[in-house]
Amino acid sequence: MNPAAARAGLFGKPGPYRRPFSGRQGGQMRSVEIALDARAGLGEGPWWDEQHSQLLWVDIFAGEIHCLDTSSGRDRSIHVGQPIGMVAGRTSGGLVCAVRDGVAFVERDGSGFELVAPVEAENAGNRMNDGACDQAGRLWAGTMAADLSPSQGSLYRIGPDLCATPVLRDVSISNGLDWSPDGRTFYFTDSSTRRIDAYDFDPETGSIRNGRMLVGLPHPVATPDGIAVDAEGTIWVAMWDGGCVQRFGPDGRLLETIKIPVTRPTSVAFGGPGLNQLFITSASVGLTERQQADEVHAGAIFVLEPGATGRPPGSFRDENSSAMEAE
């Protein structure tokens, strides 16, 4: 597809997809457009860079961080040399990412890659997957078995001292995580359980307690993947093998389902100048030949106007950030 045509919907012209959605706001339409026809193998981890007006995202098995300039449609990549699960900004500058071997820093120009916090170095069969930063600047990221063996991973909290503290054990596929607008509830998805769990969260200490199931998804195939919580506290979930994004209330009630023209959406993030756009990453990995023929845009980055406003994403606050603030 011509790149300009692929970006048409993002810049105000009629886009290639218009899909109705069913839910409690029935009768409305959501226009799902292509922001970048990336053809990613396993596109994941979207993170909105407010400072540079860019969407950062990763292609996991390609070992790439991508920086999408949404005003021009240009996308550049940074190769980190190993599978990568997520990326976010650092308050002291540069980027933090969860890679196969642990937590790493890299500069925005791709230089200076450094593994700063090895995680599960003794377990060569595991890799890091999804992650996010809380509003205090702590990084939360989980591990999983590369061969998808169950209960082999953990969820970690990494503070400014770069020590990785295990918070949850026996995790199978550590995936979507985010917080309520008041910072008092932590949401987490172990995709293998097909549910979203909620925990009481202490913003000062970063501790969690009182885990309970918020959403149980009975669909025999579709799996909850990456999540994002908007300013109203509702939860947006990419449904792997479900071909949709679903929105749930903080009480776990399904509010709407938005169809996406690919089987495997992977994650969601709010972005744009007013944080009023929802970006959706997707994957082409593992599709059958028939699916590949039918889903010519599998692996694309999609965007829609969700009728909701997001919240500024968290950045990682390391010891350099504290030193800079003290000066």
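On a predicted model such as this, the values are computed, not experimentally measured, just so you know.

> Sorry, what's going on with the overall build of the protein chain here?
When its secondary structure is counted, the protein chain shows 3 helices and 26 strands. The burial tally for the protein chain puts 58% of its 327 residues in the buried class. When contacts within the protein chain are restricted to residue pairs at least 6 apart in sequence, long-range pairs at least 24 apart make up 47% of them. On the protein chain, roughly 13400 Å² of surface is accessible, and the fraction owed to carbon and sulfur atoms is 48%.

> Would you mind going over the sheet that holds strand β12 (residues 126–133) with me for this structure?
Pairing between sheet strands relies on hydrogen bonds along the backbone, with the strands arranged either parallel or antiparallel. Sheet architecture is open: 4 strands sit in the order β12-β13-β14-β15, paired in antiparallel fashion. Two strands lie at the open edges of the sheet, namely β12 and β15 (164–171), each paired on one side alone. Across the sheet, the axes of successive neighbouring strands diverge by a mean angle of 20°, strand direction being ignored. As defined by bridge partners, strand β14 (residues 153–158) adjoins β15 across 5 bridges and the pair is classed as antiparallel. By the bridge assignment, R157 is partnered in β15 with T165.

> Looking at this structure, how should I read the confidence of the model for the protein chain?
It should be kept in mind that the predicted coordinates are not to be read in detail where pLDDT is low. Summing up the model confidence of the protein chain, the mean pLDDT is 89 and the portion of residues at 70 or higher is 89%. Contacts from residues 1–27, a stretch scored under 50 in pLDDT, to residues over four places away or in other chains number 61 contacts.

> Could you clarify how one ought to interpret the nonpolar core in this entry?
Across soluble globular proteins, nonpolar side chains show a tendency to be buried alongside one another. Core analysis: the biggest nonpolar cluster contains 33 residues, and I65, C97, V103 and L139 have the highest contact counts within it. By residue number, the principal contributor to this core is strand β9 (residues 95–99), which donates 5 residues.

> Even after reading the chapter, I still don't get the side chain of S267, so can you show me in this structure?
Among the secondary structure elements, S267 is positioned in strand β24 (residues 265–271). Once residues within four sequence positions are removed from consideration, S267 is found in contact with E44, G45, P46, G226, I227, A238, F279, I280 and T281.

> It is not clear to me how the environment of G242 should be interpreted in this structure. Could you clarify?
Its place among the elements puts G242 in the loop between β21 (235–240) and β22 (244–248). Residue G242 is classed as partly exposed on the basis of its relative accessible area, which comes to 24%. When the C-alpha positions of G242 and H219 are compared, they lie 8.7 Å apart, and in sequence the two are 23 residues distant.

> Would you explain the pattern of salt bridges in this entry?
Once their charged atoms are close, side chains differing in charge can pair, the charge on each being opposite to the other. Summed over the entire model, instances satisfying the criterion amount to 15 salt bridges. Between R195 and D197 there is a salt bridge, with the nearest N and O atoms lying 2.9 Å from each other. According to the relative accessible area criterion, R195 is partly exposed, its value standing at 32%. D197 gets classed as buried once you look at its relative accessible area, which sits at 10%. Across the pair R247 and E232 runs a salt bridge, and its minimum N-O distance is 3.4 Å. On the criterion of sequence distance, the pair formed by R247 in strand β22 and E232 in the loop between β20 (223–229) and β21 is long-range, its members being 15 residues apart. Several salt bridges converge on common partners, so that one network encompasses D230, E232, R247 and E256.

> For this particular structure, what's the right way to read the packing of aromatic side chains?
This model, assessed by the stated rule, comprises 11 aromatic pairs. Ring geometry for F105 against F316: centres 6.1 Å apart, planes inclined by 55°, an arrangement best described as tilted. Here F316 lies in the loop between β26 (301–304) and α3 (319–326) and F105 lies in strand β10 (residues 102–106), a separation of 211 residues in the sequence. When the centroid spacing of 6.1 Å and the interplanar angle of 40° are considered together, the rings of F186 and Y199 count as tilted. Here F186 is found in strand β17 (residues 185–190), whereas its partner Y199 is found in strand β18 (residues 195–202), with 13 residues between them in sequence. Both residues of the pair, F186 and Y199, count as buried. Put simply, the rings of W140, W179, F186, F188, Y199 and F201 touch in pairs and so form one group of aromatic residues.

Conventions we followed
- Residue indices follow the written sequence of each chain, beginning from 1 at its first position.
- Residues qualify for local features only when their pLDDT is at least 70, as the model is predicted, and side-chain atom pairs are given and counted only at 80 or more; totals for whole chains, interfaces and linings, by contrast, use all residues.
- With hydrogens and water stripped out, all remaining heavy atoms of the structure feed into the side-chain values.
- The numbering of helices and of strands both runs from the N terminus, where a helix is a DSSP run of H or I of at least 4 residues and a strand a run of E of at least 2.
- Accessible area is worked out with a 1.4 Å probe on protein chains only. A residue is then buried under 20% of its type maximum, exposed over 50%, and partly exposed in between.
- Should any heavy atoms of two residues lie within 4.5 Å, those residues are counted as being in contact.
- Only the protein chains shown count as cover for residues, with accessible areas throughout obtained via the Shrake-Rupley method and a probe of 1.4 Å.
- Note on pairing: two strands pair once DSSP finds at least 2 bridges between them.
- Convention adopted: a line fitted to C-alpha atoms gives each axis, helices being fitted over their contacting stretch, and angles between N-to-C directions are expressed from 0 to 180 degrees.
- Confidence of the predictor at the level of single residues is captured by pLDDT, which takes values from 0 to 100.
- Among buried residues, those of type Ala, Val, Leu, Ile, Met, Phe, Trp, Tyr and Cys that are joined through side-chain atoms within 4.5 Å constitute a nonpolar core.
- The salt bridge definition used is simple: a Lys or Arg side-chain nitrogen within 4 Å of an Asp or Glu carboxyl oxygen.
- Working definition: rings of Phe, Tyr and Trp (its six-membered ring) pair if their centres are within 6.5 Å, and the pair is stacked with planes under 30 degrees apart, edge-to-face with planes over 60 apart, and tilted otherwise.

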